[in-house]
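# Breakdown of the fold
Spelled out from the first residue to the last, the chains are:
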Amino acid sequence: MRARPIYTPRFQGITAMSIQTVGIIGAGTMGNGIAQACAVSGMQVVMVDISDAAVAKGVATVSASLDRLVKKEKISEVDKAVAMARIKGSSSYDDLKGAQLVIEAATENQALKVKILQQLDGMLAPNVIVASNTSSISITQLAAATQRADRFIGMHFFNPVPMMALVEIIRGLQTSDATHDAVHEMALALGKTPITVKNAPGFVVNRILVPMINEAFFVLGEGLAEAEAIDAGMKLGCNQPIGPLALADMIGLDVCLAVMEVFLQEFGDSKYRPSPLLKEMVAAGRLGRKTGQGVYKY
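Rules used throughout
- Residues numbered from 1 in each chain as written.
- Predicted model: local features only at pLDDT ≥ 70, side-chain atom pairs only at ≥ 80, totals over all residues.
- Heavy atoms only, no water.
- 1 Å grid on protein atoms, 1.4 Å probe; cavity = no way out; pocket = protein on both sides within 12 Å on 5 of 7 lines; lining within 4 Å.
- Points joined across faces, edges and corners; volume = space filled by probe spheres on them.
- Helix = DSSP H or I, 4+ residues; strand = E, 2+ residues; numbered from the N terminus.
- Nonpolar A, V, L, I, M, F, W, Y, C, P; charged D, E, K, R; others polar.
- Axes fitted to C-alpha atoms, helices over the stretch in contact; angles between N-to-C directions.
- Parallel < 35°, antiparallel > 145°, perpendicular 65-115°, else oblique.
- Left-handed = near helix turned anticlockwise from the far one by under 90°.
- Contact = heavy atoms within 4.5 Å.
- Pairing = 2+ DSSP bridges.
- Phe/Tyr/Trp six-rings, centres within 6.5 Å; stacked < 30°, edge-to-face > 60°.
- Buried < 20%, exposed > 50% of the residue type's maximum accessible area, 1.4 Å probe, protein only.
- Core = buried A, V, L, I, M, F, W, Y, C linked by side-chain atoms within 4.5 Å.
- Polar contact = N/O pair within 3.5 Å; in protein donor to acceptor, adjacent residues only side chain to side chain.
- Salt bridge = Lys/Arg side-chain N within 4 Å of Asp/Glu carboxyl O.
- Expected span 1.5 Å × (residues − 1).
- Disulfide = S-S within 2.5 Å.
- pLDDT = per-residue confidence, 0-100.

With that settled, consider the layout of surface pockets. The computed volume of the second largest pocket comes to approximately 280 Å³. Residue lining of the second largest pocket: 16 residues in total, with Gln 110, Ile 137, Val 262, Gln 265 and Glu 266 positioned closest to the centre. Take the lining of the second largest pocket: its biggest share by element is five residues, from helix α10 (residues 253–267). Taken together, the residues that form the lining of the second largest pocket break down as six nonpolar, seven polar and three charged.

Another point: the packing of helix α1 (residues 29–40) against helix α2 (residues 52–71). Look at α1 against α2: their axes get within 9 Å of each other, and the N-to-C directions meet at 55°. Between α1 and α2, the interaxial angle falls into the category oblique. Our pair here, α1 against α2, has a crossing hand that is right-handed. When α1 is examined against α2, the residues Asn 32, Gln 36 and Val 40 are found in contact with a partner set consisting of Gly 58, Thr 61, Val 62, Ser 65, Leu 66 and Leu 69. Tallied by class, residues from the contact of α1 with α2 come to four nonpolar, five polar and no charged.

Moving on, we come to the sheet that holds strand β8 (residues 193–198). On the basis of which strands lie adjacent, the open sheet formed by eight strands has the order β3-β2-β1-β4-β5-β6-β7-β8 and mixed pairing. Looking at strand neighbours, the two that pair on one side only are β3 (87–90) and β8, the edges of this open sheet. This sheet shows a mean twist of 25° between the axes of neighbouring strands, independent of strand direction. Sheet analysis places strand β5 (residues 129–132) next to strand β6 (residues 152–157), joined by three bridges and oriented parallel. In the strand pairing of β6, Ala 131 is matched with Ile 153. Sheet strands in contact with α1 are β1 (21–25), β2 (44–48), β3, β4 (101–104) and β6, and its direction is about 170° off that of β2. The strands that α2 touches are β2 and β3; relative to β2, the one it contacts most, it runs at about 140°.

This brings us to the packing of aromatic side chains. For the structure on display, the rule yields three aromatic pairs. Summarising the aromatic geometry, the rings of Phe 263 and Tyr 272 are spaced 5.4 Å apart at their centres and angled 65° between planes, so their arrangement reads as edge-to-face. By relative accessible area, which is 6% here, Tyr 272 ends up buried.

Okay, the nonpolar core next. Residues Val 22, Leu 101, Met 155, Phe 157 and Met 186 are the most contacted members of the largest nonpolar core, which totals 36 residues. Of the residues forming this core, the biggest block, six residues, is contributed by α1. Residue contacts for Phe 157: discarding those within four places in its chain leaves Met 30, Ile 34, Ile 103, Asn 133, Leu 166, Val 167 and Leu 190. With 26 residues, the next largest nonpolar core counts Leu 220, Leu 247, Val 255 and Leu 287 among its residues.

Take the side chain of Glu 108 next. Mapped onto the secondary structure, Glu 108 falls in the loop between β4 and α4 (110–123). Within the structure, Glu 108 has its side chain in polar contact with the backbone nitrogen of Ser 136 (distance 2.9 Å). Beyond its immediate stretch of four places on either side in the chain, Glu 108 contacts Lys 113, Thr 134, Ser 135, Ser 136, Ile 137 and Ala 258.

Taken as a whole and judged by the stated rule, the model has nine salt bridges. Between Lys 113 and Glu 104 there is a salt bridge, with its nearest N and O atoms 2.4 Å apart. Across the pair, Glu 104 and Lys 113 agree in class, each one buried. It is possible to trace a salt-bridge network through shared partners that takes in Glu 104, Glu 108 and Lys 113.

Before going further, it helps to spend a moment on helix α6 (residues 177–189). Compared with the 18 Å implied by 1.5 Å per residue over 13 residues, the 18 Å span of α6 between its first and last C-alpha is a close match. For α6, every residue scored as buried is listed here: Ala 178, Thr 179, His 180, Asp 181, Ala 182, Val 183, His 184, Met 186 and Ala 187.

Okay, the state of the cysteines next. Counted under the stated rule, the structure contains zero disulfides. The closest cysteine sulfur to the non-disulfide-bonded Cys 256 is located on Cys 238, 18 Å from its own sulfur. Under the relative-accessibility criterion, Cys 256 is labelled buried at 2%.

A few words now on the confidence of the model for the protein. Across the protein, pLDDT averages 93, with 94% of residues at or above 70. Throughout residues 1–11 the model reports pLDDT below 50, and contacts reaching past four residues in sequence, or to other chains, amount to 19 contacts.

Have a look at this one:
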């Protein structure tokens, strides 16, 4: 009996090789980062957000990011121009119709994601694969809200997307092998290292990481040490490249809080209760780098 190859992506014409155009919902931090990674890797990108201003801001962020790479001589000006030419910004979902893969990268809110996914489901061709960049929301539940559950999957990129090598590929209960294989190979084409995980709250990385960040907020809120000391302790004592509080600012305090709230609801275990200080800072609008202030000022 011949052994089956590990990866043989097939689904009604959609394979890794046929993913030439990627649609992205959301031009924020994650959306524009995914757009940059795809464009630099040679894929056409359609990046959609609710307003032209939001789209323009996302495109400008990609341009500035590529400028930094040019300055560091990682890419040339020609490389930048070619990559930027591959990105089309739009405020119309209709422009996604030519994509073979659409990645939802909206705010970490289940109701919002379901609304977006159902809108996409009704307009995309039946063979188009849809992925969510959610940090913690059930892929099985999101898939069930669509009519293409077998062609639905999680693609959890990490911030900053152009620099971070990992992509968590999350299979819902309904995700087909063909969908998984095509997305796995596409992630490799982006130069990323994909790992496949089962659907569960927080998946693998955030299941471990975000409770640690939350505990750092408990320590800070209890006045055990200043923020700088907490981060220095974890960097020097645990060999982490960045402290948990600085990392929270990079991720977004609102995202960290949303993940902890999902954990608390799904597991029903008080060890996942969000830190009062984290909740207070989010309520104050101090969300981290994206607002200019979180634990630290930027």
